[in-house]
Amino acid sequence: MPSNKNALIRYRTIDCCLQNRGRRWTLDDLIVACSDALYEFEGKHADVSKRTLQLDIQLMRSDKLGYEAPIEVYERKYYRYADATCTITDIPLTPTDLEVLAECVLMLRQFKDFSLFADLNGIIQKLEDKIHRAGTNAGPVIHLDRNEQLKGLEYLDRLYQAILRRVVVNIDYQSFKARAAQRLLFHPYILKEFNNRWFLVGCREGGDQLLTLALDRINGVSEDAATPYRRTDFDADAYYRNTHGVTVLAQPPVEITLWVAAGNAPYVLTKPFHHSQQLVEEGEDGSIVVTFTVHHNFEIERAILGFGNQVSVLSPRQMRRRIKMAHRLALEQYGE
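Residues numbered from 1 in each chain as written. Predicted model: local features only at pLDDT ≥ 70, side-chain atom pairs only at ≥ 80, totals over all residues. Heavy atoms only, no water.

Draft legend 1. Geometry of the side chain of Ser 287. Mapped onto the fold, Ser 287 is located in the loop between strand 9 (278-282) and strand 10 (288-294). Of note is the side chain of Ser 287, whose polar atom sits 3.4 Å from the side chain of Trp 259. Residue contacts for Ser 287: discarding those within four places in its chain leaves Trp 259, Val 260, Ala 261, Ala 262, Glu 281 and Glu 282. (Helix = DSSP H or I, 4+ residues; strand = E, 2+ residues; numbered from the N terminus. Polar contact = N/O pair within 3.5 Å; in protein donor to acceptor, adjacent residues only side chain to side chain. Contact = heavy atoms within 4.5 Å.)

Draft legend 2. Layout of helix 9 (residues 298-305). Among the residues of helix 9, those classed as buried are Glu 299, Ile 300, Glu 301 and Ile 304. Looking at the packing, one finds that the buried side of helix 9 touches strand 4 (182-194), strand 8 (254-260), strand 10, strand 11 (311-315) and helix 10 (317-333). Measuring from the backbone nitrogen of Glu 299 back to the side-chain oxygen at the start of helix 9 gives 3.3 Å, which picks out Asn 297 as the cap. (Buried < 20%, exposed > 50% of the residue type's maximum accessible area, 1.4 Å probe, protein only.)

Draft legend 3. Region of interest: the sheet that holds strand 6 (residues 210-214). Taken in spatial order, the 5 strands of this open sheet run 6-5-4-3-7, and their pairing is antiparallel. Looking along the sheet, the strands with just one partner apiece sit at the ends: strand 6 and strand 7 (218-223). Across the sheet, the mean angle separating the axes of adjacent strands is 45° when strand polarity is ignored. Where helix 6 (residues 156-165) meets the sheet, its contacts fall on strand 3 (169-173), strand 4, strand 5 (197-204) and strand 7, and the angle it forms with strand 4 comes to roughly 95°. (Pairing = 2+ DSSP bridges. Axes fitted to C-alpha atoms, helices over the stretch in contact; angles between N-to-C directions.)

Draft legend 4. Quick peek at the packing of helix 2 (residues 27-42) against helix 3 (residues 50-61). One can describe the packing of helix 2 onto helix 3 by two numbers: an axis separation of 10 Å at closest approach and a directional angle of 95°. Relative to helix 3, the element helix 2 is oriented roughly perpendicular. Residues Leu 27, Leu 30, Ile 31 and Cys 34 of helix 2 lie in contact with helix 3, whose contacting residues are Lys 50, Leu 53, Gln 54 and Ile 57. Here the residues of the contact of helix 2 with helix 3 are counted per class, giving 6 nonpolar, 1 polar and 1 charged. (Parallel < 35°, antiparallel > 145°, perpendicular 65-115°, else oblique. Nonpolar A, V, L, I, M, F, W, Y, C, P; charged D, E, K, R; others polar.)

Any functional reading would require information that these geometric values do not contain.
Shown next, in the form of structure tokens:
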């Protein structure tokens, strides 16, 4: 059991003892009580030293944990609360505590589409009520980008439950290029979020190739309990290791080298294109050259194009040609 959890058990034990005014508590009595409590939780003897208990009492008296417990010594050897009604379980929340709770509630609300968090509704409402009654009207400090109108979010929890319970699903899927939806008997592995869109990764029945389906292209989902669920040793971290975005290609990743103008160099350095990114050169004008190794997919091209003329592809040649052509076509859209 971690030492910080042991400390919490000792604090609660000391608190319970000092609430009992029918008994006079020496330091040795508190040591025995804490040792017994730790044995009850851990199932093995844990000797608590005199020094540890003295530090616990000192910490409970301080404001470091927010307790500020009025623990006093009387008759030079007995411990008690100066206020007979005191307990550390009823310590009021500080303004900082309330701000942190408010932010946690806002972040939990972002996951309302998952039934996993449905049971938290009551807890969240209690927290919101506590925060409101405590009188904090501060606005949010953290704002998460979220598109509530995104098509397909209604299937998010259904697919999540299917993955959790290892159930095969029928998916009516229509890609942007298809004229009509097709039905896929699908073994779902994971849900992945990228750029504020959700994707489902898995395999079709009878196939081994991993497929990525955008939830906003799904027209219907139903479970197929008759088909046995099949899943290989899928490792999401390994699968996306060489990828920017969600499109994992069959061909090997390529090393990409970029020149970045001085004005955007800090952005690229502090938010790399990929975890493999390395700085290889710094120009006198503040520009930089970076390199990283990823699959040459649509997402990485889009990320590079997003920097406009502030980023130039030095290699590989094929990507340089594609980015150059994209800029040329964009220029033509504006005419003369």
